[in-house]
Amino acid sequence: MGRTEGSPFQRYLEGLHAELKGLNKGQVADYIPELAKAAPSNFGISFATIDGEVYSVGDSGIEFSIQSVSKPFAYGGALSRLGTEALLTKVGVEPTGEAFNSIVLDQVNNRPFNPMVNAGAIAVAALAEGDTPEERVAGMRRLFSRFAGRELAVDEAVHRSEAETGHRNRAIAYLMLNSGMIDRPPEEVLDLYFQQCALRVTTEDLALMGAVLANGGVNPRTGDRVLGAAEVRDVLTLMMTCGMYDYAGEWSYEVGLPAKSGVSGGILAILPGQLSVAIWSPPLDTIGNSVRGIEACRQISRDFGLHLFMNAASVEDVVRRVASARDQHSMRIRNPRDRDILLEVGHRIAIVELQGTLYFASAERMIRRFDALPDETRYLLLDFRRLTSIDPAARRFFSDFLRRKCAEGVEIIFAEVPGHRAEVCAALEGLVAEHDLTAIETFDAALEDCEERLLADLRQPFDFTSFSLNKISLFSTLDHSELAVVETLIHPVAYSEGETIVRRGDEGDILFVVARGTVSVWVEDQRGSRFRVGSMGPGQFFGEMAALGGGRRSADVVADESVVCYALRSVEIEDLGQTHPQIMTKVLRSLAQEFGVRLRQANALVSALK
Ligand code: GLN
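Residues numbered from 1 in each chain as written. Predicted model: local features only at pLDDT ≥ 70, side-chain atom pairs only at ≥ 80, totals over all residues. Heavy atoms only, no water.

Caption draft 1: Up close: the pattern of salt bridges. On inspection of all chains with the given rule, the structure shows 41 salt bridges. Where Arg 150 meets Glu 63, a salt bridge forms, and the shortest distance between an N and an O atom there is 2.9 Å. Linking Arg 150 in the loop between α4 (133-148) and α5 (156-165) with Glu 63 in the loop between β2 (54-58) and β3 (64-65), this pair joins segments that are 87 residues apart in sequence. Overall, the relative accessible area of 31% leaves Glu 63 in the partly exposed class. Note that Asp 106 is salt-bridged to Arg 111, the shortest N-O span being 3.9 Å. (Salt bridge = Lys/Arg side-chain N within 4 Å of Asp/Glu carboxyl O. Helix = DSSP H or I, 4+ residues; strand = E, 2+ residues; numbered from the N terminus. Buried < 20%, exposed > 50% of the residue type's maximum accessible area, 1.4 Å probe, protein only.)

Set out below in structure tokens:
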């Protein structure tokens, strides 16, 4: 069973195909004798999405010659090599309102009206790259194969048939030679053009080629950037205004998608940013467009409201979530005093999670949301993990906003910059450098950093010299004489930055209390990536699970800086249970309390992640 079988898209295509199969109007083109052999009943449709999924129905696997559907791709290739300005001197961008094979040139500039009609496409072929005719043909095939994501071959019979009979195109080429628009031997230029038109494709190929255009120039299957975004825009514009020849006006009015048709019965329509549709059905109307192809596009556009002006997307909200450090805490395990401070003033840290695409209008809305944050906001923590793109207009407004906020003294922290999205990543890194912002890889570390900075402003500095055991929550309920007993069991140990204090999987028989510095807790997921799940500072303890419960260490604990810990051996703790059961009871009660706090924190996190 095919992957797409049963999918609603597939079922829709099947219904459409069944309905239009019975539409028996039009004539198969016969001015190229080889084309006249096509069976009028051939009919295939394919959809391709911008991530390379293809849905097909009917004769979608049968090859036919691409003909004029090749024109936008050849033009795109020339654009990317020569640039708009140079290309405009050779071929214009005005619709003709005339047939595809009309022999008229723009009288003012002497150039063909546009590259979607034969004259313009022949002028583009005359600009092909390569030193010899063979190299130029090879270059053309290479370009088309990159669009299709597979090696495309020339149908020799169709090529020969058109070379023998294509006198009208010959006339066009000589006319352009006369007006200086082509400067290579016309026969050779025509041969390249005829081979280009004779490339064999299926609707699946065409749909995938169209998906490259829908996807901003990148082949979704191979990841190959075939055209730049600006070139894609130019190609789609010409498809919109000129792609359907003298039917272009009515087509734009009714279907409203950039498209291109060819005399072998192919039509390719693009919905930018979403998908492409390719149809093949040889019988043509009098203008030279596939009858079933036109009807299929009309219906698809109508059924799904795909007309581009219908689709003028409403602005999406890129702000997924706004919270503050009151609602959400880092994984750092904190003493009650710091917890209280954060509950009281956590609203000075604003947390904003962004999603989707930042462009002109969505950036405007995002900045309005930022400006509505409370005046007390001192730290703005931005989580970018779900941001998929940022265009130049959005970047510009964002940059202005950041400049203003920095001047107001707000600290801006970027977290989770998506490294796998090269363009977003480059834009954000540019902003960080431009405004000297802080960028922190993980959200949790960034939140902890904000909390630390806020706490540093507010709490009394921790005085290590007067650090006493009763500052440790485990022992806070012990009286003087009890503390004195515990003191005899304690061994101070120093660690340098980066040193592993506890290793996952090791036998654990020591409970640690942090006396100075901070330590981080790291775990590994199934794929072997390491995650920092928490951190602890003075007064907090770790290693209690293995030390008191027996068994092995469940995580790594690493010193973040130079650290001093107090170590308590489990055998000694056990002895304590024998000799001073009342101390043991108090310690266990504090331990249970601390577990309660940690559990509540974990629960809050789990519900925040839902
Ligand atoms: N090769 C064909 C020609 O030049 C292409 C025309 C078309 O598909 N409309 O006549």
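Caption draft 2: The arrangement of helix α11 (residues 291-304) in detail. Between the first and last C-alpha of α11 there are 20 Å, a value that for 14 residues agrees with the 20 Å anticipated at 1.5 Å per step. Those residues of α11 that sit buried are Val 291, Arg 292, Gly 293, Ile 294, Glu 295, Ala 296, Cys 297, Gln 299, Ile 300 and Ser 301. Where α11 is buried, its residues contact α1 (8-21), β1 (44-49), α10 (248-254), β6 (266-271) and β7 (275-280). Between the side-chain oxygen of the N-cap and the backbone nitrogen of Gly 293 there are 3.0 Å, and the N-cap of α11 in question is Ser 290. Phi turns positive, to about 60 degrees, at Gly 305, one or two residues after α11. (Expected span 1.5 Å × (residues − 1). Contact = heavy atoms within 4.5 Å. Polar contact = N/O pair within 3.5 Å; in protein donor to acceptor, adjacent residues only side chain to side chain.)

Caption draft 3: Representation of the sheet that holds β2 in the model. Taken in spatial order, the 5 strands of this open sheet run β2-β1-β7-β6-β5, and their pairing is antiparallel. Both outer strands of the open sheet, β2 and β5 (259-261), are each paired with one neighbouring strand and no more. Shown here is a sheet whose adjacent strand axes are inclined to one another by a mean of 10 degrees, direction ignored. Inspection of the sheet shows β5 paired to β6 by 3 bridges, in the antiparallel sense. Note on β6: the bridge partner recorded for Ser 261 is Ile 267. (Pairing = 2+ DSSP bridges. Axes fitted to C-alpha atoms, helices over the stretch in contact; angles between N-to-C directions.)

Caption draft 4: A look at the pairing of β2. For β2, a buried count of 4 out of 5 residues is recorded, marking the element as mostly surrounded by other parts of the structure. Where β1 meets β2, 5 bridges bridge the pair, whose relative direction is antiparallel. Counted as the bridge partner of Ser 46 is Ser 56 from β2. With antiparallel pairing between neighbouring strands as the criterion, β1 and β2 make up a hairpin whose turn holds 4 residues, including Gly 52 at a positive phi of roughly 90 degrees.

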